[in-house]
Amino acid sequence: GIVSESILRNYVLKCTSHKDAYQVILDGVKSGPKEKRLAAQFIPKFFSSFPELADAAINAQLDLCEDEDVSIRRQAIKELPRFAAGDNILRVADILTQLLQTDDTAEFNQVNAALVSIFKMDAKGTLGGLFSQILQGEDIVRERAIKFLSNKVKTLPEDVMTKEVEDYIFAETKKVLEDVTGEEFVLLMRVVSGLRVLQTVNGRQQLVELVVEQAFLEQALNPADPDTVDRLLQCTRQALPLFSKNVHSTRFVTYFCDHVLPNLSALTSPVAELDIQLEVLKLLAEMSPFCGDMEKLEANLNMLFTKLLEFMPLPPDEVENGENSASEEPKLQFSYVECLLFAFHQLGKKLPDFLLDKVDAERLKDFKIRLQYFARGLQVYIRQLRVALQGKTGDALKTEENKIKVVALKITNNINVLIKDLFHNPPSYKSTVTLSWKPVQKTEAVAKTVRLRCGDGILTGSTKKPVSPQPRRDARQIYNPPSGKYSATIGNFNYEQRGGYRGGRGRGFGARGARGRGRIY
């Protein structure tokens, strides 16, 4: 029957040795709020004294974790770690993971705290419960369990995160990655890329292999499908920090030359405000210094060279009165050219006679004419920018307009250095430049304030402002330099990394199949 508070208190006094007294406390979960509160407190307190009632005790505490009264639920959840001894750890971790689906903030924080505390008792057992729910639980539980891992694992001390524990995380994560959405992929890569056991060259190579599997580099790219384009962007962004002189970007760079550059103008952006062409060119430029030996080096250079010619216009024909017709003034796409020139320069180091032996004389002459015309426009624009920024320091450089000009100066200076190298006879590949959107060294403190918000500047040589498909709250001002023969605009968009490949999917990214499951304690 229903147990009263006074009877319960009497039994608590006897509880240390009387199994039947403990059973009365367990029955208290079916009584009123006061009895339930006492039960929530005393079931865990005497739990270890009655191993034969362990299952009944855990089930009673679970009933309290699902009580209608939020304060009883919170108290019951707070005490759950006390059940996490020996073989019970997996079950308690599984229960706590399912309880992450609560919408009550205080309760959610309590579940998080309880999970962290059992993690410190038995990390591998706790991970067993978390991964079991990630692999088999309902979608809301899976999503929150992955977020828990991505936020908490990096905060745990080394004595908890042993090599064995880290190896287990990596092995289980590989299973989960067989079926993930874009957002899940980004979060799980955050988990594994922070593991100490993977901070070696071999470890980073293993991480790159994980990304390659997700990127479908063996398949042709469908440029019209925004989900396919988004998958490639997300995967390349995940791989980028892993590349080094020992961990090579060759497969990604070759894929970009084979499938992305030929389809550059046909790429469909996954986000309305994103200049998708500039985005992929920036990724290609950043990867290019880390190429290893390339089977298709000459073909890749040829593709870069062809694409570079597209963005480097010929001088306009002189019209009859000897002046250039304004309507025929070509655009100078500085941002695109910085990326393409940089990538060409990096790969050119590996085949320094490309421009001498692999490009026919007529094509080379055409390239030199375009290069010269571009360089002239560049000089004019660099002078305009230097005049505009002359004498400005401190706060004066922090205005939106001046931040954009500082970035523009970095872009144009970079192109200038690279063009000078190619004008050498024979062409030289010795100069080094830091890409305009990359973090700057201390010696370049002036530009440091720019990096975060203006690093994605699109710099072109037209006097028209680019039209954003829709107004954005954080749209930056667009700077128009004095109009003239070589005037340019810079607009910029901040593209936040987003997960979730909308709609259809093959193996891997997209909407995962829903799993309807009840409580599986």
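Notes on the structure in this doc start here. (Residues numbered from 1 in each chain as written. Predicted model: local features only at pLDDT ≥ 70, side-chain atom pairs only at ≥ 80, totals over all residues. Heavy atoms only, no water.)

1. A short note on the pattern of salt bridges
This is how the line gets drawn: Salt bridge, as used here, is a side-chain nitrogen of Lys or Arg placed within 4 Å of a carboxyl oxygen of Asp or Glu. Note on exposure labels: buried denotes an accessible area under 20% of the residue type's maximum, exposed denotes more than 50%, and partly exposed covers the range between, all computed with a 1.4 Å probe on protein chains only. We count a stretch as a helix when DSSP gives it H or I for four or more residues in a row; a strand needs E for two or more, and each element gets its number in order from the N terminus.
All chains considered together, the criterion is met by 23 salt bridges. Across the salt bridge formed by Lys30 and Asp27, the nearest N and O atoms sit 3.9 Å from each other. Accessibility expressed as a relative area gives 58% for Lys30, which makes it exposed. Among the residues examined, Asp27 registers a relative accessible area of 27% and is labelled partly exposed. Residues Glu107 and Arg73 are paired through a salt bridge, measuring 2.8 Å at the closest nitrogen-oxygen approach. On the criterion of sequence distance, the pair formed by Glu107 in helix α7 (residues 105–121) and Arg73 in helix α5 (residues 70–79) is long-range, its members being 34 residues apart. Both residues of the pair, Glu107 and Arg73, belong to the buried class.

2. Here we look at the packing of helix α13 (residues 226–239) against helix α15 (residues 276–287)
The criterion, for reference: To obtain each axis, a line is fitted to C-alpha atoms, and for helices this fit is confined to the stretch in contact; angles are then taken between N-to-C directions over 0 to 180 degrees. For classification, angles of less than 35 degrees are called roughly parallel, those exceeding 145 degrees roughly antiparallel, those between 65 and 115 degrees roughly perpendicular, and all remaining angles oblique. Take the far helix as the reference: if the near one is turned anticlockwise from it by less than a right angle, the crossing is left-handed, and if turned clockwise, right-handed. Contacts are assigned to residue pairs that have any heavy atoms within 4.5 Å of one another.
Where α13 meets α15, the closest approach of the two axes is 11 Å, and the angle between their N-to-C directions is 30°. In terms of their interaxial angle, α13 and α15 are classed as roughly parallel. By crossing handedness, the relation of α13 to α15 is classed as left-handed. Judged by residue contacts, Val229, Leu233, Thr236 and Arg237 of α13 engage Ile276, Glu279, Val280, Leu283 and Met287 from α15.

3. Points about the nonpolar core
Buried together is how nonpolar side chains tend to be arranged in soluble globular proteins. The test is simple: By convention a nonpolar core is built from buried Ala, Val, Leu, Ile, Met, Phe, Trp, Tyr and Cys residues, the set being connected through side-chain atoms within 4.5 Å.
One finds Ile43, Leu96, Phe344, Leu355 and Phe367 to be the most contacted residues of the largest nonpolar core, which totals 153 residues. At eleven residues, helix α19 (residues 361–389) tops the list of elements feeding residues into this core. Filtering out sequence-adjacent residues up to four positions away, Phe367 remains in contact with Phe305, Leu308, Leu309, Met312, Leu355 and Leu422.

Function-wise, these values are silent; they only describe arrangement.
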